[in-house]
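Residue-level structure breakdown
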Amino acid sequence: MLSKQSIRKEHTIFLNRVEMSKDEIIEISKDFTENEEHRASNYLFTIPSTYLSKLLGPKTQMISTDLNEIKYFGAVCVILELDRSLSDIYWLNIADEGFPFGGIIEHTNFIPSSEYKNTHIAYLSRYFALEDKIASMSNDEINRLMLEYLPKIYKGFSTDWIQKVNVFKTNTAATVCDLNFSEKVPDCKTEIDNFYIANMSHVYPDERSTNNSVRIAAEACRVMGIDTSYVPTKSSMSGKIGF
């Protein structure tokens with residue numbers, strides 16, 4: 001059991017499951033070396049609803065069912081490290097049918113390449129539905145797919161320009177805000193006394209941003225009894241539903 005004093009910022013915990021004891025949560029965790037049981041007065045879960053629902057046991061079945069109603073879009077970002085610039089354009093939206101990315105953002109047309117040891121950095125972005133083929137592709141497959149289409153935009157482009165390719169993908173990039181989504185946003189304080197939720201779904205009806213993340217965190221802390229009156233409220237529509 002870890003005391004509050006023994007938990008350090010760099011202590012990383014990988015959750016296996018969340019279990020109930022009477023009307024409270026016991027959080028069963030796994031770290032790098034062994035299974036541990038961690039107890040606290042309150043638990044605030046900020047992970048995507050689709051992952052949280054898989055951790056909850058049978059005694060929280062109703063909460064799991066509600067959380068599973070929230071669906072997500074995935075996203076892929078392929079970051080290219082290049083020995084030269086692709087163009088002089090910072091942000092290029094791609095709306096042509098058939099292209100595997102929706103935007104080409106050449107970061108070093110905004111922040112000079114001199115800040116990156118003269119390496120030019122561009123990234124290719126795409127959101128996807130979890131049913132899309134790209135959702136199940138490996139990083140190598142995504143890499144090949146993306147690079148195949150660059151010569152269609154940049155005449156003379158050669159893969160020899162590329163120093164390194166980095167592929168990042170997530171299945172929980174954004175919530176699908178479908179019909180009556182406001183009714184799906186979970187209450188921060190659940191029916192379980194010490195179990196709280198604050199995650200991306202609480203951004204609705206605003207947009208994802210660092211400011212809105214801070215706003216949601218402040219609302220969650222307020223619900224848990226922590227003073228957050230010093231956090232500005234007027235510039236965000238997030239954190240209005242579920243709190």
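Quick caveat: nothing in here was measured; it's all calculated off a predicted structure. (Residues numbered from 1 in each chain as written. Predicted model: local features only at pLDDT ≥ 70, side-chain atom pairs only at ≥ 80, totals over all residues. Heavy atoms only, no water.)

Attention now moves to the overall build of the protein. Helix and strand counts for the protein stand at 4 helices and 10 strands. When the elements of the protein are put in sequence order from the N terminus, they spell out β-β-β-β-α-α-β-β-β-β-α-β-β-α. Residue burial in the protein is summarised as follows: out of 243 residues, 39% are buried. Considering only residue pairs separated by 6 or more positions, the protein has 61% of its internal contacts joining residues 24 or more positions apart. Surface summary for the protein: the accessible area is close to 14800 Å², and the carbon and sulfur share equals 50%. (Helix = DSSP H or I, 4+ residues; strand = E, 2+ residues; numbered from the N terminus. Buried < 20%, exposed > 50% of the residue type's maximum accessible area, 1.4 Å probe, protein only. Contact = heavy atoms within 4.5 Å. Areas by Shrake-Rupley, 256 points an atom, 1.4 Å probe, with all protein chains shown as cover.)

Glancing now at the sheet that holds strand E8 (residues 120–128). Read from one edge of the open sheet, 5 strands run E6-E7-E8-E5-E9, paired in antiparallel fashion. Two strands in the sheet have a free side with no partner beyond their single neighbour: strand E6 (91–93) and strand E9 (162–175). Between one strand and the next, the sheet's axes are offset by a mean angle of 15°, whatever the strand orientation. Those strands touched by helix H3 (residues 139–149) are strand E5 (72–82), E8 and E9, and its axis lies near 110° from that of E9. (Pairing = 2+ DSSP bridges. Axes fitted to C-alpha atoms, helices over the stretch in contact; angles between N-to-C directions.)

The next point concerns the side chain of threonine 190. Tracing the sequence through the fold places threonine 190 in the loop between E9 and strand E10 (195–197). By relative accessible area, threonine 190 is classed as buried at 11%. Within the structure, threonine 190 has its side chain in polar contact with the backbone oxygen of phenylalanine 195 (distance 2.8 Å). Excluding residues that lie within four positions of it along the chain, threonine 190 makes contacts with Ile63, Phe195 and Ile197. (Polar contact = N/O pair within 3.5 Å; in protein donor to acceptor, adjacent residues only side chain to side chain.)

Applying the stated rule across the entire model yields 8 aromatic pairs. Each residue in the set Tyr43, Phe45 and Phe195 is aromatic and connected to the rest through ring pairs, giving one cluster. One cation-aromatic arrangement involves lysine 152 over tyrosine 149; the distance from NZ or CZ to the ring centre is 5.5 Å. (Phe/Tyr/Trp six-rings, centres within 6.5 Å; stacked < 30°, edge-to-face > 60°. Lys NZ or Arg CZ within 6 Å of the ring centre and 35° of its normal.)

So, on to H3. All of the buried residues in H3 are Ile142, Asn143, Met146, Leu147 and Tyr149. Taken down its axis, H3 places every buried residue within 160° of arc, on the same side. Away from its buried face, by an angle of more than 90 degrees, H3 presents the exposed residues Asp140, Arg144 and Glu148. Buried-residue contacts for H3 involve E5, E8 and E9. (Arc of directions from axis to C-beta.)

Right, let's talk about unusual backbone geometry for a bit. Proline 205 follows tyrosine 204 through a cis peptide bond whose omega is 5°. Structurally, proline 205 can be placed in the loop between E10 and helix H4 (210–223). Residue asparagine 118 is not a glycine yet carries a positive backbone phi of 65°. Mapping asparagine 118 onto the fold places it in the loop between strand E7 (103–106) and E8. Given a relative accessible area of 54%, asparagine 118 falls into the exposed group.

The next subject is the pattern of salt bridges. A side chain with one charge can pair with a side chain of the opposite charge if their charged atoms come near. Applying the stated criterion across every chain, the model contains 6 salt bridges. Between glutamate 219 and arginine 215 there is a salt bridge, and its shortest N-O distance comes to 2.7 Å. Of the two residues, glutamate 219 and arginine 215 both sit in helix H4, 4 residues apart, roughly one turn of that helix. For glutamate 219, a relative accessible area of 12% puts it in the buried group. (Salt bridge = Lys/Arg side-chain N within 4 Å of Asp/Glu carboxyl O.)

Our next topic: the confidence of the model for the protein. When pLDDT is averaged along the protein, the result is 88, and 84% of the positions lie at 70 or above. Contacts for the low-pLDDT stretch residues 1–13, under 50 throughout, to residues beyond four places or in other chains number 16 contacts. (pLDDT = per-residue confidence, 0-100.)

Mapped onto the secondary structure, isoleucine 105 falls in strand E7. Accessibility expressed as a relative area gives 1% for isoleucine 105, which makes it buried. Considering only alpha carbons, one finds isoleucine 105 and leucine 92, 13 residues apart in sequence, at a separation of 6.2 Å. In this structure isoleucine 105 touches Tyr90, Trp91, Ile121, Ala122, Tyr123 and Ser125, once residues within four positions along its chain are discounted.

It is worth spelling out a nonpolar patch on the surface at this point. Judged by side-chain polarity, Tyr90, Trp91 and Phe110 come together as a nonpolar surface patch covering roughly 350 Å² of accessible area. Tracing the backbone through its elements, the reader meets phenylalanine 110 in the loop between E7 and E8. (Patch = residues over 30% accessible without salt bridge, like charges linked within 9 Å, V, L, I, M, F, W, Y side chains within 5 Å.)

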